[in-house]
Amino acid sequence: MSSENIETMQSIVADIATEFTLYSQLFVKPESIDLLNKTAATVFSSYQRSLLNTIYISISRILDPATSSSDKDSNLSFNFLIKELKLTENKELSELLSNTQQLFVATGIKKYRNKVISHNDLRTIKNKTQHLSLNYDDLTLLIHNLWALLNMIRFVSGETDVLMTTGTEIIMYDDGDNLLDCLRNRI
């Protein structure tokens, strides 16, 4: 079961990295944003918000506690994997998890998930703070740390004998750059 849970976590982290790659390709460079706005500003603005919210909620889920508040239902999170694999005493892994969780809180993603994505917090809605201005470099570091956590869990648990390093972007053929090229050729 542990190996299956690690593979599922890898799939989740890869999905986050894929969505982040698409976000980076489409919504970071001013010339890309300009092209998207000229093509269909409302559509791409909505997609940008949805993509970020998907990234935020996915990150939030895997940084959740090991169990829900009732302590009966397990959450597939890094806390759960570390507990399930009996790795709670590994200092390096504990430090990396702690640093990642601190960054998660410091970026505002945790609060945004709780106040905006998961609940209709009345004060937040009335103050019209329904978006999160997140530093791109912080999000990059957070995703880097998610890969580092996963790779360290695989290594420390003995699933692999090599501690791997994984980049934050996923290489795809039909990606955001391909979409931008198609749009450039049509405008």
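In what follows, the accompanying structure is described.

How each quantity is defined
- Residues numbered from 1 in each chain as written.
- Predicted model: local features only at pLDDT ≥ 70, side-chain atom pairs only at ≥ 80, totals over all residues.
- Heavy atoms only, no water.
- Helix = DSSP H or I, 4+ residues; strand = E, 2+ residues; numbered from the N terminus.
- Contact = heavy atoms within 4.5 Å.
- Phe/Tyr/Trp six-rings, centres within 6.5 Å; stacked < 30°, edge-to-face > 60°.
- Buried < 20%, exposed > 50% of the residue type's maximum accessible area, 1.4 Å probe, protein only.
- Expected span 1.5 Å × (residues − 1).
- Arc of directions from axis to C-beta.
- Polar contact = N/O pair within 3.5 Å; in protein donor to acceptor, adjacent residues only side chain to side chain.
- Axes fitted to C-alpha atoms, helices over the stretch in contact; angles between N-to-C directions.
- Parallel < 35°, antiparallel > 145°, perpendicular 65-115°, else oblique.
- Left-handed = near helix turned anticlockwise from the far one by under 90°.
- Nonpolar A, V, L, I, M, F, W, Y, C, P; charged D, E, K, R; others polar.
- Core = buried A, V, L, I, M, F, W, Y, C linked by side-chain atoms within 4.5 Å.
- Salt bridge = Lys/Arg side-chain N within 4 Å of Asp/Glu carboxyl O.

1. Remarks on the environment of Val-13
Mapping Val-13 onto the fold places it in helix 1 (residues 2-27). A sequence separation of 46 residues divides Val-13 from Ile-59, and the C-alpha atoms of the two residues are 8.3 Å apart. Residue contacts for Val-13: discarding those within four places in its chain leaves Ile-62, Phe-78, Leu-146, Trp-147 and Leu-150.

2. Quick notes on the packing of aromatic side chains
The relation between two aromatic rings is expressed through the spacing of the ring centres and the mutual angle of the planes. Considering all chains together, one arrives at four aromatic pairs under this definition. Centre to centre, the rings of Tyr-23 and Phe-27 are 5.7 Å apart; their planes meet at 40 degrees, and the pair counts as tilted. Here Tyr-23 pairs with Phe-27, and both are found in helix 1, just four residues apart, close to one helical turn. Given a relative accessible area of 7%, Phe-27 falls into the buried group. Ring geometry for Tyr-56 and Tyr-112: centres 5.6 Å apart, planes at 85 degrees, overall edge-to-face.

3. So, helix 4 (residues 91-107)
Quick reminder: α-helices carry 3.6 residues per turn. Residues three or four places apart thus point the same way. Over its 17 residues, helix 4 runs 24 Å from end to end, which matches the ideal 24 Å to within 8%, given 1.5 Å per residue. Every buried residue belonging to helix 4 is among Leu-93, Leu-96, Leu-97, Thr-100, Leu-103, Phe-104 and Thr-107, and all of these are buried. For helix 4, the angular spread of buried residues about the axis comes to 125 degrees, placing them on one side. The outward face of helix 4, more than 90 degrees from its buried face, is lined by the exposed residues Lys-91 and Ala-106. Two or three places before Glu-92, at the opening of helix 4, Asn-90 has a side-chain oxygen 3.2 Å from that residue's backbone nitrogen.

4. Regarding the packing of helix 4 against helix 7 (residues 136-156)
One way to put it is that helix 4 packs onto helix 7 with a least axis distance of 10 Å and a crossing angle of 155 degrees. Between helix 4 and helix 7, the angle falls in the class roughly antiparallel. Of the two elements, helix 4 crosses helix 7, and the hand of that crossing is left-handed. Only Asp-138, Leu-141, Leu-142, Asn-145, Leu-146, Ala-148, Leu-149, Met-152 and Ile-153 of helix 7 make contact with helix 4, whose side of the interface consists of Glu-92, Leu-93, Leu-96, Leu-97, Thr-100, Leu-103, Phe-104 and Thr-107. The residue makeup of the contact of helix 4 with helix 7, split by class, is twelve nonpolar, three polar and two charged.

5. Some thoughts on the nonpolar core
Val-13, Ile-55, Ile-59, Phe-78, Leu-139, Leu-146 and Ile-153 are the most contacted members of the largest nonpolar core, which totals 45 residues. Excluding residues within four positions of it along the chain, Ile-153 makes contact with Ile-6, Phe-78, Leu-81, Ile-82, Leu-85, Leu-87 and Leu-93.

6. A word on the side chain of Ser-58
Along the polypeptide, Ser-58 turns up in helix 2 (residues 30-62). Here Ser-58 is in contact with Ile-16 and Glu-19, once residues within four sequence places are set aside.

7. Focus on the pattern of salt bridges
A complete count under the given rule lists five salt bridges for this structure. Note that Glu-7 is salt-bridged to Arg-154, the shortest N-O span being 3.1 Å. Here Glu-7, found in helix 1, pairs with Arg-154, found in helix 7; they are 147 residues apart in sequence, far enough to count as distant. For Glu-7, a relative accessible area of 37% corresponds to the partly exposed category.

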